[in-house]
Amino acid sequence: MSEQPPARRMIKDVQTLKVFTHPLRISLLRMLHAGGPATASMLAKRVDATPALVSYHVRTLAGHGFVVEDPEHAEDGRERWWKVVEDLTFSFGDFAEDRVGRDLSASIARVLGSQSEDRYRRFLDEMQAWGAEWAGAAFSGAPTLRLTAAELRELAGAIQDLVDGYRDRETPGAEHVEIYYRGFPYRL
């Protein structure tokens, strides 16, 4: 039986948003979300950092309730296992009137985008090792649409509903798959 999926938490205040100003915290949260419970030492090996540094950042995430200790995995009192308790998201609109929040949310989005691009480049570099089935299933696109702000919001909701329909499946042969999509206005 699989565990309950994390609840979705909308970050709406600048102080909470500041927790994610460090790219390592974003990476650690993603690893715990995708890979399940882990210790700081296990995470440190994955990010090539010291266990003490990783432990500091995990405790910072825990201090804001983004991760919690997972005593079910601990075999003795010395190991501290951590797990994700919430799926985090934020809206640029919640920070549109706050210069600090606006700058922070844009900075965090840049880090998220950069990390996603790194993972995508790694897939492209390793595509042959994934095999024809995965290479044929992978996709990317950049359609240009003419939409109003309300239509863009509607599209975002429809995409989120579609993605949510695929969450928490336990299909044999499944791998972690990242879906990264963006919708934003631009002028020629």
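Description of the structure in this document. (Residues numbered from 1 in each chain as written. Predicted model: local features only at pLDDT ≥ 70, side-chain atom pairs only at ≥ 80, totals over all residues. Heavy atoms only, no water.)

## Quick word on the overall build of the protein
Thought 1: Scanning the protein from terminus to terminus reveals 8 helices and 5 strands.
Thought 2: Counting from the amino terminus, helix and strand elements in the protein follow one another as β-α-α-β-α-α-β-β-β-α-α-α-α.
Thought 3: Projected onto its principal axes, the C-alpha positions of the protein cover 60 × 45 × 30 Å.
Thought 4: Looking at the protein residue by residue over its 188 residues, the buried ones come to 22%. (Helix = DSSP H or I, 4+ residues; strand = E, 2+ residues; numbered from the N terminus. Buried < 20%, exposed > 50% of the residue type's maximum accessible area, 1.4 Å probe, protein only.)

## A few points about the environment of leucine 112
Thought 1: Mapping leucine 112 onto the fold places it in helix 5 (residues 99–125).
Thought 2: Linking leucine 112 and proline 23, residues 89 residues apart in sequence, is a C-alpha distance of 8.3 Å.
Thought 3: If near-sequence neighbours (up to four positions away) are discounted, leucine 112 is found in contact with Ile26 and Tyr180. (Contact = heavy atoms within 4.5 Å.)

## Details of the packing of aromatic side chains
Thought 1: Per the stated rule, a full pass over the model turns up 4 aromatic pairs.
Thought 2: Seen from their ring centres, phenylalanine 20 and phenylalanine 66 are 4.9 Å apart, and the 45° between their planes marks the pair as tilted. Of the two residues, phenylalanine 20 sits in the loop between helix 1 (14–17) and helix 2 (23–35) while phenylalanine 66 sits in the loop between helix 4 (51–63) and strand 3 (67–69), which places them 46 residues apart along the sequence. Like phenylalanine 66, phenylalanine 20 is buried.
Thought 3: Considering the side-chain rings of phenylalanine 90 and phenylalanine 92, the 5.8 Å spacing of their centres and the 85° angle between planes classify their relative orientation as edge-to-face. (Phe/Tyr/Trp six-rings, centres within 6.5 Å; stacked < 30°, edge-to-face > 60°.)

## Remarks on the pattern of salt bridges
Side chains bearing opposite charge may pair, as long as their charged atoms lie close to each other.
Thought 1: This structure, assessed with the given rule, holds 9 salt bridges.
Thought 2: The residue aspartate 94 makes a salt bridge to lysine 12 at a minimum N-O spacing of 3.5 Å. In this pair, aspartate 94 sits in the loop between strand 5 (86–90) and helix 5 while lysine 12 sits in the loop between strand 1 (7–11) and helix 1, placing the two residues 82 residues apart along the sequence.
Thought 3: Within the structure, one salt-bridge network assembled from shared partners comprises Arg8, Asp87, Asp164 and Arg167. (Salt bridge = Lys/Arg side-chain N within 4 Å of Asp/Glu carboxyl O.)

## Description of the side chain of glutamine 115
Thought 1: You can see glutamine 115 is positioned in helix 5.
Thought 2: Within polar-contact distance, the side chain of glutamine 115 engages the side chain of serine 27 at 3.1 Å.
Thought 3: Contact partners of glutamine 115, with chain neighbours within four places excluded, come to Pro23, Ile26 and Ser27. (Polar contact = N/O pair within 3.5 Å; in protein donor to acceptor, adjacent residues only side chain to side chain.)

## Here's the deal with unusual backbone geometry
Thought 1: We note that aspartate 48 has phi near 55°; this positive angle belongs to a residue other than glycine.
Thought 2: By the secondary structure assignment, aspartate 48 is in the loop between helix 3 (40–47) and helix 4.
Thought 3: Overall, the relative accessible area of 75% leaves aspartate 48 in the exposed class.

## Considering the nonpolar core
Thought 1: Phe20 and Leu61 are the most contacted members of the largest nonpolar core, which totals 25 residues.
Thought 2: In terms of residues, this core owes the most to one element, helix 2, which gives 5 residues.
Thought 3: Not counting chain neighbours up to four residues away, the residues in contact with leucine 61 comprise Val19, Phe20, Arg25, Leu28, Leu29, Phe66 and Val67. (Core = buried A, V, L, I, M, F, W, Y, C linked by side-chain atoms within 4.5 Å.)

## Comments concerning the side chain of threonine 39
Thought 1: Residue placement: threonine 39 occurs in strand 2 (residues 38–39).
Thought 2: Apart from the residues lying within four places of it in its own chain, the contact partners of threonine 39 are Glu79, Arg80 and Trp81.

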